[in-house]
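# Notes for the structure review
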Amino acid sequence: MSRLAVMTALIAAPLLFTSPAVAQSHSGHGEHAHQHAAFESGRIHVRVDGPEGAPDVVLIPGLSSSPRIWQDTTDELSKTYRVHRIHVQGFAGAAPKDNAQIGDTPQPFIVPVADEIDRYIREANLNKPAVIGHSLGGSLAMTIASRHPQDVSKVMVVDMLPFMGAMFGPPGTTAESVKPTALSVWNTQAGSSREDYLTAANASVTGMINTEARRAGPLSDVEGSDQQVSAAAFHDLIVTDLRPELPKITVPMTVLYVKFNDARMTNEVTDMIYRASFSTRPGTTLKRIDDSAHFIMLDQPQVFAAEIDTFLKSN
């Protein structure tokens, strides 16, 4: 585990400004027609595509991202599925509303937003949807499935560990012990000038998307996101340890991941980190996707589409 701790620490620094959001703004150009769900919430709103009565799929984007990160996926799935894309308030042009930060202390984010997505699933009468989440959205998906396993049928996590805080401390780091570091990250992100914040986010996005032509949308979404909401979400991501909660996920779970973006990392070490991180839930399907950075759906769209198809058709 000492080697694991050392290697994970190598990627902590680039994550300090992980507000990359991939997706174009809420009112973006050229997007296929969709409708908004009739669901009143101060934390999320939902775009819906696909035929009524079809099997339901919920797609949750990552930090500062809009639903359009899933556009290619939605174009394909909406032929045979009812697709529900979550847009978190405060991200990518959406007003912060109930996610707005008040004062100098970051407010809880993951559990309130996850519970609100679950409330949508129940009140919209979705029939045990498959839930797919990228990055922070993966943490939200795991939280929904652990707290409300009766409401979902299966879960896919796209490139997210159950406890990011392990990357910010020595071996044995806990959600409690990492709090001072997380608070320091919050202070840096929330308190930076807008120019400095966006400069750091720009560099982070560049490292998370190999395909240069697909970086413009994510950069636009970072600019459209509320800085304090994104900083609070990242703070909560650091201090939230879902490893003890994983055994509560009783539905099938698949995790797609990529090699960490550091020249000193290897496929083998990345595999070791993911196996160790998800060891509290035997039976989780872990699959590394090669030749891709963090946004697999942008760097490897065909491979990603095939994995989604396999996931949705599996028992």
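This is a predicted model, so every value here is computed, not measured. (Residues numbered from 1 in each chain as written. Predicted model: local features only at pLDDT ≥ 70, side-chain atom pairs only at ≥ 80, totals over all residues. Heavy atoms only, no water.)

### A look at the sheet that holds strand 2 (residues 44–49)
Picture the strands of a sheet paired through backbone hydrogen bonds; they go either parallel or antiparallel. The test is simple: Whether two strands pair depends on DSSP finding at least two bridges between them. Numbering goes from the N terminus for both helices and strands, where a helix is a DSSP run of H or I of at least four residues and a strand is a run of E of at least two. Contacts are residue-level and defined by heavy atoms, with any inter-residue pair within 4.5 Å sufficient. In this analysis an axis means a line fitted to C-alpha atoms, helices contributing only their contacting stretch, and an angle means the value between N-to-C directions, from 0 to 180 degrees.
Overall, mixed pairing links the 8 strands, which are arranged 1-2-4-3-5-6-7-8 in an open sheet. Single-partner strands in this sheet number two, and they are strand 1 (35–36) and strand 8 (285–288). Direction of pairing for strand 1 relative to strand 2: antiparallel, over a ladder of 2 bridges. Pairing of His36 across the sheet is with Arg47, part of strand 2. Across the sheet, helix 4 (residues 110–123) lies against strand 2, strand 3 (56–60) and strand 4 (82–88), angled at about 40° from strand 2, the strand it touches most. In this fold helix 5 (residues 136–147) packs onto strand 3, strand 5 (130–134), strand 6 (154–158) and strand 7 (253–257), with an angle of close to 145° to the strand it touches most, strand 5.

### Quick notes on the packing of helix 6 (residues 179–191) against helix 9 (residues 227–239)
How two helices pack is summed up by the angle between their axes together with the distance between the axes. The criterion, for reference: Under this scheme an angle from 65 to 115 degrees is roughly perpendicular, one under 35 degrees roughly parallel, and one over 145 degrees roughly antiparallel; angles in between are oblique. For any pair of crossing helices, the crossing counts as left-handed if the nearer helix is rotated counterclockwise from the farther one by less than a right angle, and right-handed if it is rotated clockwise. Each residue is assigned to one of three groups, with Ala, Val, Leu, Ile, Met, Phe, Trp, Tyr, Cys and Pro labelled nonpolar, Asp, Glu, Lys and Arg labelled charged, and all others, Gly among them, labelled polar.
Axis separation between helix 6 and helix 9 bottoms out at 9 Å; the angle between their running directions is 165°. The orientation of helix 6 with respect to helix 9, classified from their angle, is roughly antiparallel. Pair helix 6 / helix 9 crosses with right-handed handedness. Facing helix 6, whose interface residues are Lys179, Ala182, Leu183, Val185, Trp186, Gln189 and Ala190, helix 9 presents Gln227, Gln228, Ser230, Ala231, Ala232, Phe234, His235, Ile238 and Val239. Here the residues of the contact of helix 6 with helix 9 are counted per class, giving 10 nonpolar, 5 polar and 1 charged.

### Observations concerning the packing of aromatic side chains
Here is the rule we go by: The aromatic pairing rule takes the rings of Phe, Tyr and Trp, using the six-membered ring of Trp, and pairs them if the centres are within 6.5 Å, calling planes under 30 degrees apart stacked, those over 60 edge-to-face and the rest tilted. Geometrically, a lysine NZ or arginine CZ counts as sitting over a ring once it is within 6 Å of the ring centre and also within 35 degrees of the ring normal.
Taken as a whole and assessed by the stated rule, the structure comprises 7 aromatic pairs. Feature note: the residues Tyr257, Phe260, Tyr274 and Phe278 constitute an aromatic cluster, connected by ring pairs. In this arrangement the basic side chain of Lys154 is found over the ring face of Phe311, its NZ or CZ atom lying 5.5 Å from the centre.

### Topic: the side chain of Thr270
Position of Thr270 among the secondary structure elements: in helix 10 (residues 267–277). Setting aside chain neighbours within four positions, we find Thr270 in contact with Tyr257, Val258, Lys259, Phe260 and Met265.

### Comments concerning the nonpolar core
Rules: Throughout, nonpolar core names a set of buried Ala, Val, Leu, Ile, Met, Phe, Trp, Tyr and Cys residues whose side chains join them through atoms within 4.5 Å. Only protein chains enter the area calculation, which uses a 1.4 Å probe; residues under 20% of their type maximum are buried, those over 50% are exposed, and those in between are partly exposed.
The biggest cluster of nonpolar side chains holds 58 residues, and the ones touching the most others in it are Ile60, Phe91, Phe109, Ile117 and Met142. Setting aside chain neighbours within four positions, we find Met142 in contact with Val157, Met160, Leu161, Pro162, Leu242, Leu246, Ile249, Met253 and Phe278.

### Regarding the environment of Glu212
Looking at the element boundaries, Glu212 is found in the loop between helix 7 (194–208) and helix 8 (216–223). Each C-alpha atom, one on Glu212 and one on Asp299, is 9.3 Å from the other, the two residues being 87 residues apart in sequence.

### Focus on unusual backbone geometry
The backbone phi angle of Ser135 is positive, close to 60°, even though this residue is not glycine. With respect to the helices, strands and loops of the structure, Ser135 is situated in the loop between strand 5 and helix 5. Classification of Ser135 as buried rests on a relative accessible area of 9%. Positive phi, close to 55°, is recorded for Asp159, a residue that is not glycine. Here Asp159 lies in the loop between strand 6 and helix 6.

Treat this as a map of the structure, not an account of what it does.
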